[in-house]
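Here is what each chain is made of, one letter per residue.
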Amino acid sequence: MEPRLTLAGLDDPRLSEAVGALERGRIVMFPSLPFALQRGEEAFLTTEVFSGKSKNVSFDPHTGKTGGTKLEGENLARMAAMIARYSAFAQDVIGRVAPGYVPHLDLRRTSFRPGPVDTRVMSKRKDDRRLHVDAFPSNPNQGRRILRVFTNVHPAGLERVWEIANDDFETYAAKMAKGLKPRPDSGWRRALGLTKGRRTAYDSLMLQLHDNAKLDDAWQAAEPKMRLGFPPGATWLVYTDGVLHAALSGQHAFEQTFYLPLEGMVEASRAPVRALERLTGQPLL
Ligand SMILES: [Fe+2]
């Protein structure tokens, strides 16, 4: 199966196939659905905007607060306005691609990524060039889906390159099932401020799947995978909790994260939590 559903635009007649494609673990790509920068905003396409060692500028579309940048005053306000515009763009895209999701969607952070895909020496666990499904230690999502919209805004033609595993989530989880142990916490991590919600059995399994995949050199090497390029001007959507992906190279992108509760899906049986419940034979939420 072609891992991407490629659509000509938001009026493509195959747009109605997009939700099914996403839920089956495909990437929905628009090769030409650009996010237009306004005059002067190209000046933000530099790693100079970062504070310290951050690799993204993060933005909370609910509060307008930015993190990870050293910009201040007028420059910060202009960059924040640009990221807010991207957030609105991504919400508009979702509204067209998946109107049925809209009442259920939880709008999360927006990220601005003017740095190159990280090639520094780092721990395997942090290395997003290794295949993984997204799971975040401090942000348990308690079974909700992680749906992300990305746009490449590179001004000089550089593709963003990903790798995608051939295995779907359930096949992968079954291969890794040995050694997985559901370890929910009672809420103590949240009480101590270590997580933003209770870590459920599902969250603990997803963290183990994330780490086990990244740490397993033999599996990384053996897993059949495919390279995908996303040219500047491309916008793509993907459930990053369900698709094994790795970001290999590229620079200058935006991303908007949404959480979707299972009841918002057309086929909730395709959610990772349901796949893991089939594998483990127990409820995980
Ligand atoms: Fe990821």
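Residues numbered from 1 in each chain as written. Predicted model: local features only at pLDDT ≥ 70, side-chain atom pairs only at ≥ 80, totals over all residues. Heavy atoms only, no water.

### Re the coordination of the iron ion
- For the iron ion, the full set of protein donor atoms is H132 (NE2), D134 (OD) and H245 (NE2), and the range of their distances to it is 2.1 to 2.2 Å.
- Motif for the iron ion, donor spacing along one chain: H-x1-D-x110-H.
- Here H132 falls in the buried class, since its relative accessible area comes to 3%.
- Residue D134 is classed as buried on the basis of its relative accessible area, which comes to 5%. (Donors = N, O, S within 2.8 Å, 3.2 Å for Na, K, Ca; no water. Buried < 20%, exposed > 50% of the residue type's maximum accessible area, 1.4 Å probe, protein only.)

### Some details on the packing of aromatic side chains
- Applying the stated criterion across every chain yields a total of 14 aromatic pairs.
- Between the aromatic rings of F35 and F254, the centroid separation amounts to 5.1 Å while the plane-to-plane angle is 75°, which identifies the pairing as edge-to-face. Here F254 lies in strand β11 (residues 251–260) and F35 lies in the loop between β2 (27–30) and β3 (57–59), a separation of 219 residues in the sequence.
- The class for F35 is buried, based on a relative accessible area of 8%.
- Each ring, one from F169 and one from Y172, has its centre 6.3 Å from the other, and the planes form 70°; the classification is edge-to-face. Here F169 and its partner Y172 are both found in helix α3 (residues 169–176), 3 residues apart, which amounts to about one turn of the helix. Judged on exposure class, the residue F169 and its partner Y172 are both buried.
- One aromatic cluster in this structure is built from F35, Y86, F89, F112 and F254.
- The cationic tip of R4 hangs over the ring face of F230; the distance from NZ or CZ to the ring centre is 5.2 Å. (Phe/Tyr/Trp six-rings, centres within 6.5 Å; stacked < 30°, edge-to-face > 60°. Helix = DSSP H or I, 4+ residues; strand = E, 2+ residues; numbered from the N terminus. Lys NZ or Arg CZ within 6 Å of the ring centre and 35° of its normal.)

### Focus on the pattern of salt bridges
- A complete count under the given rule lists 22 salt bridges for this structure.
- We note a salt bridge from E223 to K175, for which the minimum N-O separation is 3.4 Å. Within this pair, whereas E223 is found in the loop between α6 (217–222) and β8 (225–230), its partner K175 is found in helix α3, the two being separated by 48 residues in sequence.
- Exposure remark for K175: the relative accessible area of 49% places this residue in the partly exposed category.
- Because the salt bridges share partners, they merge into one network encompassing R113, D134, R148 and E255. (Salt bridge = Lys/Arg side-chain N within 4 Å of Asp/Glu carboxyl O.)

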